[in-house]
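Okay, here's what each chain looks like letter by letter:
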Amino acid sequence: MQDQLARRLTEIDDRIAAAARDAGRDPAELTRIVVTKFHPASLVEELYALGVRDVGENRQQEMTAKTAETAALVDLRWHFIGQAQTNKARAVRAAASVVHTVDRARLADALDRAAEPGQDVLDVLVQVNMTDDPERGGVAPDGLVALAEHVSGCSTLKLRGLMAVAPLDEEPARAFARLHGYAERLRAVAPEARWISAGMTGDFTEAIQAGATHLRIGSAITGPRPLRG
Ligand SMILES: *Cc1c(COP(=O)(O)O)cnc(C)c1O
């Protein structure tokens, strides 16, 4: 198991580095997040032993449980990449180092209010919805600038950039080119918000080409996800 995991991790990192070089970029400027959703905490421990320090989860309860189980791994960073309910903001903030999915002012406010005294500023990204389906999460592109300005006004949050999932029915390269345009729009109002969280197992090469800085890769590294219980 561990051998296979190590092999897949190396293979993906090699492909990331090659895609970065093809795009004229330095692989060192990319953060590869391993998405561990549905997998047990033991997989997170195996990944940690292989040098992984950034992992991603899309459900708050699962993330909270796994952070507790892996509490000894103090320099492990948890990236929250799922839709967050406002009433779970406190639990999300307690577990996550980065929240990629801020898509409404109410959620930003809830995360801001959830700061404990003396707690570090929380890195957040604004998620933009690249489809017409509001169920997919993310702010509509038209609302991006207003939301970014709102987040910038939250004193315990640090706006780092933009996150998106490419639509199923659009060429990834085309979708990520659009995303690049949204990222420029964001930087016009928040010049330090330079992160672009984009690219999954099926489209990370295109995402790197379009300027992604944070890749969220699951099954290509972990293998197929177990079915949800
Ligand atoms: C599950 C998930 C991923 C990883 O997907 P893979 O196709 O397994 O790489 C990336 N981003 C989000 C938001 C996810 O929910």
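Not measured: the values here are computed from a predicted model.

**Student:** Please set out the overall build of the protein residue by residue, giving values where relevant.
**Tutor:** Tallying secondary structure elements over the protein gives 9 helices and 8 strands in all. Dimensions of the protein, computed from C-alpha atoms along their principal axes, come out at roughly 45 × 40 × 30 Å. When each of the 229 residues of the protein is scored for burial, the buried share is 50%. A separation of at least 24 residues holds for 61% of the contacts in the protein among residues at least 6 apart in sequence. Surface accessibility of the protein: about 10,900 Å² in total, with carbon and sulfur atoms responsible for 49%. Averaging the coordinates of the 28 positive side-chain charges in the protein and doing the same for the 32 negative ones gives two points 2 Å apart.

**Student:** Describe the UniProt feature "domain: Alanine racemase N-terminal" (unreviewed entry) in the protein, listing the residues and the values that go with them.
**Tutor:** As recorded in UniProt, the feature "domain: Alanine racemase N-terminal" (unreviewed entry) lies at residues 39-226. Across residues 39-226, helical content stands at 38% and strand content at 18%; the span's end C-alpha atoms are separated by 7 Å.

**Student:** Any chance you could break down the packing of aromatic side chains for me, citing the residues and the numbers?
**Tutor:** Scanning the model with the defined rule gives 0 aromatic pairs in all. Against the face of Tyr48 rests Arg53, its NZ or CZ located 3.5 Å from the ring centre.

**Student:** I'd like a description of the environment of Glu149, backed by residues and values.
**Tutor:** Residue placement: Glu149 occurs in helix 6 (residues 144-152). With relative accessibility at 46%, the residue Glu149 sits in the partly exposed group. Placed 36 residues apart in sequence, Glu149 and Arg185 show a C-alpha to C-alpha distance of 12 Å.

**Student:** Tell me about the pairing of strand 3 (residues 77-80), and name the residues and values.
**Tutor:** Within a regular beta strand, the side chains point alternately toward one face of the sheet and then the other, so they alternate between its two faces. In terms of strand pairing, strand 2 (residues 54-57) meets strand 3 through 4 bridges, oriented parallel. Within the sheet, the bridge partner assigned to Val55 lies in strand 3 and is Trp78. With helix 3 (residues 60-69) bridging strand 2 and its parallel neighbour strand 3, the resulting β-α-β unit is right-handed. A crossover links strand 3 with its parallel partner strand 4 (residues 98-102), the connecting element being helix 4 (residues 89-95), and its sense is right-handed.

**Student:** Account for the site of the ligand, with residues named and values stated.
**Tutor:** Every residue lining the ligand is accounted for by Val35, Lys37, Ile81, Met163, Met200, Thr201, Arg216, Ile217, Gly218, Ser219 and Arg225. Thr201 places a side-chain nitrogen or oxygen 2.6 Å from an oxygen atom of the ligand. Arg225 is positioned such that a nitrogen or oxygen atom in its side chain is 2.8 Å from an oxygen atom of the ligand. Across the complex, the protein chains shield 88% of the 390 Å² of accessible surface that the ligand would expose by itself. Per-class residue counts for the shell around the ligand are 5 nonpolar, 3 polar and 3 charged.

**Student:** Which residues make up helix 1 (residues 2-22), and what values go with them?
**Tutor:** Between its terminal C-alpha atoms helix 1 stretches 30 Å, which fits the 30 Å expected from 21 residues at 1.5 Å a residue. Along helix 1, the residues classified as buried are Leu5, Leu9, Ile12, Ile16, Ala17, Ala19 and Ala20. Relative to the axis of helix 1, the buried residues are bounded by an arc of 160 degrees and lie together on one face. Counted as exposed and oriented over 90 degrees from the buried face of helix 1: Asp3, Arg7, Arg21 and Asp22. If you follow the buried residues of helix 1, they end up packed against strand 1 (31-35), helix 2 (41-49), helix 8 (204-209), strand 8 (214-217) and helix 9 (219-222). At the exit of helix 1 stands Gly24, carrying a positive phi of roughly 70 degrees.

**Student:** Got a sec to walk through the pattern of salt bridges? Specific residues and values, please.
**Tutor:** With the rule as written, the count across this model stands at 14 salt bridges. Here Arg32 makes a salt bridge to Asp13, at a shortest N to O gap of 2.7 Å. Placement of the pair is Arg32 in strand 1 and Asp13 in helix 1, with a sequence separation of 19 residues. Using a relative accessible area of 18% as the deciding quantity, one classes Arg32 as buried. The class of Asp13 is partly exposed, set by a relative accessible area of 27%.

Reading the values: rules and limits
Residues numbered from 1 in each chain as written. Predicted model: local features only at pLDDT ≥ 70, side-chain atom pairs only at ≥ 80, totals over all residues. Heavy atoms only, no water. Helix = DSSP H or I, 4+ residues; strand = E, 2+ residues; numbered from the N terminus. Buried < 20%, exposed > 50% of the residue type's maximum accessible area, 1.4 Å probe, protein only. Contact = heavy atoms within 4.5 Å. Areas by Shrake-Rupley, 256 points an atom, 1.4 Å probe, with all protein chains shown as cover. Lys, Arg positive; Asp, Glu negative; His and termini not counted. Charge placed at Lys NZ, Arg CZ, Asp CG, Glu CD. UniProt positions renumbered as here; feature names shortened; annotations may be inferred. Phe/Tyr/Trp six-rings, centres within 6.5 Å; stacked < 30°, edge-to-face > 60°. Lys NZ or Arg CZ within 6 Å of the ring centre and 35° of its normal. Pairing = 2+ DSSP bridges. Right-handed = clockwise from strand over helix to strand, strands pointing away. Near = heavy atom within 4 Å. Polar contact = N/O pair within 3.5 Å; in protein donor to acceptor, adjacent residues only side chain to side chain. Nonpolar A, V, L, I, M, F, W, Y, C, P; charged D, E, K, R; others polar. Expected span 1.5 Å × (residues − 1). Arc of directions from axis to C-beta. Salt bridge = Lys/Arg side-chain N within 4 Å of Asp/Glu carboxyl O.

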